[in-house]
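# Structural overview
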Amino acid sequence: MATLCWEPGPDREQGTEAAAEVPGRKWRKPESFHRISESKFPMNGGGNVQDSRAKLMKRLTLLAFLLTLAATGASEPLNILFFTSDDMNHDSTAVCGGPIKDLTPHVDRLASQGLLFRHAYSTVAVCQPVRQIMQTGLYPHRNGCMGFYPIKAHVRTLNEQLHKAGYLISMFGKMSHHRPIEKFHVDVGDDKISRHPSKLAEATRLFLRRARKEGRPFFHNVNCYDPHRPFIGMKGPDDLALGEAPSRWIKPEEITEVPGFLEDLPDIRRELAGYYTNVRRMDDALGAVLEVLEEEGYAENTLVMFYGGDHGMSFPFAKSNNYETSSRAPLIIRWPGVTRAGMEDSQHLISTIDFTPTLLDAAKLPPIPDIDGRSFLPAVRGGKMEGWDHVFTFYNAAFGNKWYPMRTIRTRDRAYIWNAWSDGETKYRTENMAGLTWKAMLKAADSNPEIKARTQLNSYRVPEEFYNLSKDPFERRNLIDTPDSRQEIEIMRRQLLDLMQRTKDPLAGAFANIDQRELTERAIQKLKDEYNKLHRR
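Residues numbered from 1 in each chain as written. Predicted model: local features only at pLDDT ≥ 70, side-chain atom pairs only at ≥ 80, totals over all residues. Heavy atoms only, no water.

### Brief notes about the confidence of the model for the protein
Just so we agree on the cut-off: pLDDT is a residue-level measure of predictor confidence that goes from 0 to 100. Residues count as neighbours in contact if any of their non-hydrogen atoms are within 4.5 Å of one another.
Averaged over the protein, the pLDDT score is 89; the fraction of residues at 70 or greater is 86%. The low-confidence segment residues 1–23, where pLDDT is below 50, has 91 contacts with residues more than four positions distant or belonging to other chains.

Have a look at this one:
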C-alpha cells in the first residue's frame, strides 16, 4: 500500500539540551548502542514504478521542502521510530521487574540508553481505540472510536501532520486498526510481517534507504503483534503462533511467579509460558529493528519511542478492563543529545492521549488544535511538570459491538472505577477469557470460594470500585464501601465527572446521577443505537 502524494511543511530544529536530574528520577547503568550481529539482509531494495507526472510532483515537492529548510535556517528534521508491542503487561520485561530473568535484553538495553517512564497508561485498554487515540490525542468519544470503529472524518491525525511536513511514513502491523486508512498516509506498509523479526529488519532497511534516497525525514511505525494471542507452543512443540521462531522458549517450570491478579494454577502457568515466549519474540523484533537503524547510520539522529503493550496482557482482569494491569505499560524514549542514558521518571503519569502532541512538539511541527492530550516534552528533557499526577482511562465497546462502558481516574496509588454496564445481570465476555486461564479459574472455582468470588467479579463486576494500590497493587480488595475512603472517593468522583462534562462524554449525565440506574441504561442503549446506525451493524 503506498500513498506517494505528500506536501511540504515547516521543518523544525531538533532539540539538543541535556536532561537534568529532578526528584522522582533515578539512574540506571548506561550502555552504549549495541550491534547484535552482522546484517544478513539483501542490499538491493528495488523501487516503486511511477509515471512521469508522479515523479515530477515528488521532485517539485522535495524542492519546496528543501527551500523551506533554507528559508528558515533550520537543521535537519527529526526522524522518529515508534515501536509498540501488543497485549503486554507493564511488568513483563526484565527492566520493569518481570519474573523471567534476561527475557528482554533489547528492551532492557534501550531503557539503559534512554529515559524510562514508569507510569505510562493506555487511555483505552483495547487495540483499535487506543491506537487511534495515540494518533489523534483525543478521547474516544471525541475522535469517534468508542470501539472497533473508524475515527470521524474531520479528526486530524499525527500522520497527517507528518505527511504535510514531508515525512516518509511506514506502518508495519496493526494497519487494520487504523481506519479509515487514508487518514494515516502510509507510504510503506505491511500487516503480515510483524511477528517475524527478520522480515521486520529487512523491511526497515528498505524503508530507511528509501528515506535517504528521497531526502526525507521518516516516521517508522513498527507495531509488533506479539505478545498478542495466539501464544507460541500452545498447540504443540512446532506451534510458532503465526510467526518465526523466537530466540528463546520459556518452559512452564520457569514460571516461578504468577502475576498477582491471577491465580496460581498449573494451566495458568502453562499459558504464561507461551505468553512470555511471545514477549521474547517481541524483544527479538525490537532488537532486529534497532540493529538496522544503527547499521544504516540513523541511531544518533532518530528519536526512538517504545511503548510496551498498547494495553495489558490478554488474561482476565487485564486487557479490555480498566485496572492497573489493563492500562499501565512501560514507555521508553531514547533521543540522543536530549535524553540522558539510564534515566527513569516515576513522578509523571503519562497517557497515550499525550503521544501525538509530544511527538509534534519534539519535531517542532504545528500542533493539532483542540485536542485533549498534552505535550510531556518538558519531562522528556528532564524537567518537572505540574498537574501530571493522574490519568483518565475509558472502555466502551469490545470487539463484536459488545458494550461494557467503564470510566476511571487513576493516580500512582489510588484508583476509582465506574462500571456503567454492571447491573447484576449483564455478563462480561471478551477475548481475554479465551485460552487456558479462564477455564482453569472456572474449574478451580468449584472448590475454592476465593477463586469463585474472583470469577463472579470478572463476570458481573460491581458498579463502583476503589483501590489503594500502595497496599493492594493488584487491586483485589475493593474499598468502595469503606468509611475511611469516602472522602477520597468523593474527590475522585468529582474529578472524573468534571473531565466527562468538559469533554462531552455521552455518559456524563448518567454518572452525575449515578444512583438512577435507568438513566445509565438509557444512555448506554442510546450509544449502541447510534453506533449501530452509523456503522450499519
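### Some details on the pairing of strand β2 (residues 79–84)
Here is the rule we go by: Burial here depends on accessible area, computed with a 1.4 Å probe over protein chains only, as a share of the maximum for the residue type. Under 20% is buried, over 50% is exposed, and the range in between is partly exposed. By the criteria applied, helices consist of DSSP H or I runs no shorter than four residues and strands consist of E runs no shorter than two, each listed in order from the N terminus. When DSSP finds two or more bridges between a pair of strands, those strands are recorded as paired.
Most of β2 is tucked away: six of the six residues are buried. Residues Asn-79, Leu-81 and Phe-83 point to one face of β2 and Ile-80, Phe-82 and Thr-84 to the other, with burial holding for every one of them. Across six bridges, β2 lies against strand β7 (residues 302–307) in parallel orientation. Looking across to β7, one finds that Phe-83 is bridged to Phe-306.

### So, the side chain of His-311
Here is the rule we go by: Under this definition, polar contacts are N or O atom pairs within 3.5 Å; protein pairs additionally need one hydrogen-donor-capable and one acceptor-capable atom, and for neighbouring residues in sequence, both atoms have to be side-chain atoms.
Counting through the fold element by element, His-311 comes out in the loop between β7 and α8 (324–327). Residue classification places His-311 among the buried residues on the basis of a relative accessible area of 0%. Here the side chain of His-311 touches Cys-127 through a polar contact of 3.4 Å, landing on its backbone nitrogen. Within the structure, the side chain of His-311 is placed 3.1 Å from the side chain of Asp-310, a separation counted as a polar contact. Apart from the residues within four sequence positions on either side, His-311 is in contact with Asp-86, Asp-87, Met-88, Ser-122, Ala-125, Val-126, Cys-127, Val-130, Lys-319 and Ser-326.

### Looking at helix α15 (residues 517–534)
One turn of an α-helix holds 3.6 residues; hence residues three or four places apart share an orientation. Worth spelling out the cut-off: Here a helix's expected span is defined as the number of its residues, less one, multiplied by 1.5 Å. The directions from the helix axis to the C-beta atoms form the arc being described.
Over its 18 residues, α15 runs 26 Å from end to end, which matches the ideal 26 Å to within 8%, given 1.5 Å per residue. Listed as buried for α15 are Thr-520, Ala-523, Ile-524, Leu-527 and Tyr-531. Mapping the buried residues of α15 onto a view down its axis gives an arc of 95 degrees, with all of them on the same face. Set apart from the buried face of α15 by more than 90 degrees, the exposed residues are Arg-522, Lys-526 and Lys-533. Buried residues along α15 sit in contact with β12 (402–410), β13 (414–419) and α14 (508–512). Downstream of α15 by one or two residues, Arg-536 has phi in the positive range, about 55 degrees.

### What to know about helix α6 (residues 197–214)
With 18 residues, α6 extends 26 Å from end C-alpha to end C-alpha; this agrees with the ideal 26 Å at 1.5 Å per step. Among all positions in α6, only Pro-197, Leu-200, Ala-201, Ala-203, Thr-204, Arg-205, Phe-207, Leu-208, Arg-210, Ala-211 and Glu-214 are buried.

### Section: the sheet that holds strand β14 (residues 464–468)
Put simply, the rule reads: With axes taken as lines fitted to C-alpha atoms, and helix axes fitted only over the stretch in contact, angles between N-to-C directions fall between 0 and 180 degrees.
Spatially, β11-β12-β13-β14 is the arrangement adopted by the four strands of the open sheet, whose pairing is antiparallel. Edge positions in the open sheet fall to β11 (391–398) and β14, since each of these has one partner strand only. In this sheet, adjacent strand axes meet at a mean angle of 15 degrees when their direction is disregarded. Alignment of β11 against β12, held across seven bridges, turns out to be antiparallel. Residue pairing for β12: Ala-398 is matched across the bridge by Lys-402. Most of the contacts of helix α13 (residues 486–502) go to β13, to which it runs at about 60 degrees, and overall it touches β11, β12, β13 and β14.

### Quick word on empty space enclosed by the protein
Over the atoms, a rolled probe matching the size of one water molecule traces out where space is still vacant. Convention followed: Lining residues are those with an atom within 4 Å of a point, where the points come from a 1 Å grid over the protein atoms alone and group into cavities, where a 1.4 Å probe fits but cannot get out, or pockets, open sets with protein on both sides within 12 Å along at least five of seven lines. Grid points are joined across faces, edges and corners, and a volume is the space filled by probe spheres set on the points. Basically, the charged four are Asp, Glu, Lys and Arg, the nonpolar ten are Ala, Val, Leu, Ile, Met, Phe, Trp, Tyr, Cys and Pro, and anything else, Gly included, counts as polar.
For the coordinates displayed, the defined rule picks out four cavities of 30 Å³ or more. Contributing to the lining of the second largest cavity are Phe-82, Thr-84, Arg-131, Met-134, Gln-135, Leu-158, His-178, Phe-219, Asn-221, Asn-223, Phe-355 and Leu-359. Listing elements by their share of the lining of the second largest cavity, those giving two or more residues are β2, α3 (127–136), β6 (218–223) and α9 (355–362). Among the residues making up the lining of the second largest cavity, the classes are represented as six nonpolar, five polar and one charged.

### Some details on the pairing of strand β8 (residues 328–334)
Among the seven residues of β8, seven are classified as buried, and the element is accordingly described as predominantly covered. Here β8 shows no split at all, with Arg-328, Pro-330, Ile-332 and Arg-334 on one side and Ala-329, Leu-331 and Ile-333 on the other all buried. Sheet analysis places β7 next to β8, joined by four bridges and oriented antiparallel. Following the sheet pairing, Tyr-307 is matched in β8 by Leu-331.

### Describing the layout of surface pockets
Of the pockets and cavities examined, the second largest pocket occupies roughly 330 Å³. Around the second largest pocket sit 24 residues that line it, and Cys-127, His-177, His-228, Lys-319 and Glu-431 are the ones nearest its centre. Partitioning the lining of the second largest pocket into residue classes produces nine nonpolar, five polar and ten charged.

### Some thoughts on the environment of Pro-99
With respect to the element layout, Pro-99 can be found in the loop between β2 and α2 (105–113). Relative accessible area serves as the criterion here: at 23%, Pro-99 is assigned to the partly exposed category. As for Pro-99 and Pro-259, which are separated by 160 residues in sequence, their C-alpha atoms are 8.9 Å apart. The contact partners of Pro-99, leaving out residues within four places of it in the chain, are Asp-91, Thr-256, Glu-257 and Tyr-276.

### Some words on the packing of aromatic side chains
Keep this limit in mind: What counts as a ring pair is set by centres within 6.5 Å for rings of Phe, Tyr and Trp (its six-membered ring), and what kind of pair is set by the plane angle: stacked under 30 degrees, edge-to-face over 60, tilted for all other angles.
With the rule as written, the count across this model stands at 23 aromatic pairs. Relative to Phe-355, the ring of Phe-82 has its centre 6.0 Å away and its plane inclined at 90 degrees; by these criteria the two rings are edge-to-face. Here Phe-82, found in strand β2, pairs with Phe-355, found in helix α9; they are 273 residues apart in sequence, far enough to count as distant. Assessed through its relative accessible area of 6%, Phe-82 is described here as buried. Phe-355 gets classed as buried once you look at its relative accessible area, which sits at 1%. Relative to Phe-306, the ring of Phe-83 lies with its centre 6.0 Å away and its plane at 25 degrees, an arrangement referred to as stacked. Of the two residues, Phe-83 sits in strand β2 while Phe-306 sits in strand β7, which places them 223 residues apart along the sequence. By way of ring pairs, the aromatic residues Phe-82, Phe-219, Tyr-307 and Phe-355 are connected into one cluster.

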